[in-house]
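A look at the structure
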Amino acid sequence: MIEGAGGKNEQYNLEDVDSVPSKMSNKLVNGNNKVPATLDDYKRLLVPVIEEYFSTGDVELAASELRSLGSDQFHSYFIKKLISMAMDRHDKEKEMASILLSALYADLLGSSKMSEGFMMLLESTEDLSVDIPDAIDVLSVFVARAVVDEILPPVFLTRARALLPEFSKGIEVLQVAEKSYLSAPHHAELVERKWGGSTHFTVEEAKRRIQDILKEYIESGDIDEAFRCIRELGLPFFHHEVVKRALTLSMENLSSQPLILKLLKESTAGCLISSNQMSKGFCRLAESIDDLSLDIPSAKILFDKLVLTATSEGWLDASFTTSSAPNEDMRNASGEKIKHFKEESGHIIQEYFLSDDVPELIISLQELSSPEYNPIFLKKLITLAMDRKNREKEMASALLSSLSLELFSTDDIMKGFILLLQSAEDTALDIVDAPSELALFLARAVIDEVLIPLNLDEIGNRLRPNSSGSQTVQMARALLAARHSGERILRCWGGGTGWAVEDAKDKIAKLLEEYNTGGDLGEACQCIRDLGMPFFNHEVVKKALVMAMEKENEARILALLQECFGEGLITINQMTLGFTRVKEGLDDLILDIPNAQEKFGAYVDLATERGWLLPPFA
């Protein structure tokens, strides 16, 4: 039932399709007495459907008209056309386009078509930019929104990046989507409200209402009231979300399972939820079962039992088990992949503890090409560090800071800590003081600005009340609330610099001033190395560039950056981040340095020529 085949080859051949056999030639479409026989016909008939939807906001009508076109093989083009038309309109139409895609997903638009449609958009970003100046940012929001609405899997960004030309605008779209939206704190809420919502439910609001309905039903057991609330939603095309969330709740809270199964069984018997929507709900959960396993270790076993119950009782199509057999192979393959990733991660971390080479570790981790397992890597890193000496614990925290800037999103880090805290009881069997050490790692992550204090609340909400993990979060909060907590936590393992962030900034400013006065290049590089904060080298770059703008001997400062880059002391990621931070603060700099914009442009040109920066920055 899960769509995933086709992909790249089908996508590239789409524009070359001249005709398709028509089995519904007598069907009326928008007043025409034929279905589209070619892609050009499809384009001509599609535009009025989208225009009408933007005028009326009628999701059911749009779905009906798209279904009547009957050209399933062109659906990826529909996605491209819908979004490209919305991009050139107001926020209202952009929001409406996102809502329509979510409404049609799993019913009319399968996961493979959705990925193909977005891939086509990314490949045509250059063309879109000609007519839409902010095309990169707008399209990045659409990509982020699709991930948040769960119609694109997060791994789509990695796969698309591998298929696009290195210097293309499509790559820029993916980077903006990931760094500006999907990695931001509370990114789901940020993305959902980017266009101000609409008069309709946003997808997030619909999900929230469904969740509330299901929780109220579990508490009251009133099935008639639950059916009434589901009907009042008026979202029959979105009932697969009801199924998915109901199944997830039944796995999170096993005592609720009999009530959930009764609700789903009777909703099918009463024709409230169609068999198609029921199957789609099971399929969507099957697609995300690996992610769910991070929170519910037995998710795969529980899901298989639910499928068996549903098919044996007749409210899930028996073909689901047959059609999902390949998915079982995929899940087994995924299990093997996770096992391989854990083994390789262990080797990489052990090598890092010996070499203290952060850039090499980052390269090794990138070569594994499994960003979806970043939380597992974090758990492995801290678990291994806790069983070692203070040096390795300090190294683990320093590495976490580097990874948060270069590879890991805030969500990755939160999920990693949640995995650690959920297994805190087991860890304590082998490491006696595991809870206190985990609390120090959590508090240190906040001090190092890897997490923000609010993230501790989000992590705590994902843990069982009064569990060992929940108590560890409380310990971390207490550590952070103490006087002079920053200095104490930075020195907790007696390693590293033990400096607070402000102290580190002062040290950087002083070493740059000393270099600017004395000009000893080797000594300046050694001082940067002695800082022992490779994850903070972007601050060296930022302060050096600002100093170059202010001083007359800017060539000397730029020579230091060249030397640091040539030695590998400052990585290309840290260099790019430093330039980015200066760029973000240019408006303020111009108040003190009137020609800051001009000077910065010259530095960017020089850095680009010498290969200091990642291509998208230039």
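Residues numbered from 1 in each chain as written. Predicted model: local features only at pLDDT ≥ 70, side-chain atom pairs only at ≥ 80, totals over all residues. Heavy atoms only, no water.

Let us look at the overall build of the protein chain. If you tally the helices and strands in the protein chain, you get 36 helices and zero strands. Counting the 618 residues in the protein chain, one finds 51% classified as buried. Taking as baseline every contact in the protein chain between residues at least 6 positions apart, the subset at least 24 positions apart corresponds to 75%. (Helix = DSSP H or I, 4+ residues; strand = E, 2+ residues; numbered from the N terminus. Buried < 20%, exposed > 50% of the residue type's maximum accessible area, 1.4 Å probe, protein only. Contact = heavy atoms within 4.5 Å.)

Moving on, we get to the packing of helix H4 (residues 75–87) against helix H6 (residues 111–123). Following both chains from N to C, one finds H4 and H6 inclined at 50 degrees, their axes separated by 8 Å at the closest point. The angle between the axes of H4 and H6 places the two elements in the oblique class. Here H4 and H6 pass one another in a crossing that is right-handed. Along the contact surface, H4 presents His-75, Ser-76, Tyr-77, Ile-79, Lys-80, Ile-83 and Ser-84, while H6 presents Lys-113, Met-114, Glu-116, Gly-117, Phe-118, Met-120 and Leu-121. (Axes fitted to C-alpha atoms, helices over the stretch in contact; angles between N-to-C directions. Parallel < 35°, antiparallel > 145°, perpendicular 65-115°, else oblique. Left-handed = near helix turned anticlockwise from the far one by under 90°.)

Our next topic: the environment of Ala-103. Its location among the elements puts Ala-103 in helix H5 (residues 91–104). Put simply, Ala-103 and His-240 are 137 residues apart on the chain and 10.0 Å apart in space, counted from C-alpha to C-alpha.

A word on helix H16 (residues 275–287). With 13 residues, H16 should reach 18 Å at 1.5 Å per residue; the first-to-last C-alpha distance of 18 Å fits that figure. Most of H16 is tucked away, with 10 of its 13 residues classed as buried. (Expected span 1.5 Å × (residues − 1).)

Further remarks concern the pattern of salt bridges. According to the stated counting rule, one finds 21 salt bridges in the structure shown. Between Arg-145 and Glu-95 there is a salt bridge, with its nearest N and O atoms 2.9 Å apart. In this pair, Arg-145 sits in helix H8 (residues 135–148) while Glu-95 sits in helix H5, placing the two residues 50 residues apart along the sequence. Neither Arg-145 nor Glu-95 differs from the other in exposure class; each is buried. Notably, a salt bridge pairs Arg-145 with Asp-149, separated by 2.8 Å at the nearest N-O pair. With a relative accessible area of 3%, Asp-149 lands in the buried category. Through salt bridges with shared partners, a single network forms among Glu-95, Arg-145 and Asp-149. (Salt bridge = Lys/Arg side-chain N within 4 Å of Asp/Glu carboxyl O.)

Time to look at the side chain of Ser-256. For Ser-256, the position within the fold is in the loop between helix H14 (239–252) and helix H15 (257–269). For Ser-256, a relative accessible area of 2% gives the class buried. Within the structure, the side chain of Ser-256 is placed 2.6 Å from the backbone oxygen of Asn-253, a separation counted as a polar contact. Those residues in contact with Ser-256, other than ones at most four positions away along the chain, are Ile-218, Leu-249 and Ser-250. (Polar contact = N/O pair within 3.5 Å; in protein donor to acceptor, adjacent residues only side chain to side chain.)

The subject of this paragraph is the packing of aromatic side chains. Taken as a whole and judged by the stated rule, the model has eight aromatic pairs. Ring geometry for Phe-579 against Phe-600: centres 6.0 Å apart, planes inclined by 40 degrees, an arrangement best described as tilted. In this pair, Phe-579 sits in helix H34 (residues 572–584) while Phe-600 sits in helix H36 (residues 596–610), placing the two residues 21 residues apart along the sequence. The exposure class assigned to Phe-579 is buried, which follows from its relative accessible area of 0%. On the basis of relative accessibility, which here comes to 5%, the residue Phe-600 falls in the buried class. An aromatic cluster of at least three residues, connected via ring pairs, comprises Phe-282, Phe-303 and Trp-315. (Phe/Tyr/Trp six-rings, centres within 6.5 Å; stacked < 30°, edge-to-face > 60°.)

What follows deals with the environment of Ser-402. By secondary structure assignment, the location of Ser-402 is in helix H23 (residues 390–406). Spatially, the C-alpha atoms of Ser-402 and Val-358 are 7.7 Å apart, while their sequence positions differ by 44 residues.

Outside of glycine, negative phi angles account for most residues, and trans bonds account for most peptide bonds. The phi angle at Cys-271 is positive, at roughly 60 degrees, despite the residue not being glycine. Relative accessible area serves as the criterion here: at 68%, Cys-271 is assigned to the exposed category. Unusually for a residue other than glycine, Ser-369 sits at a positive phi of about 50 degrees.

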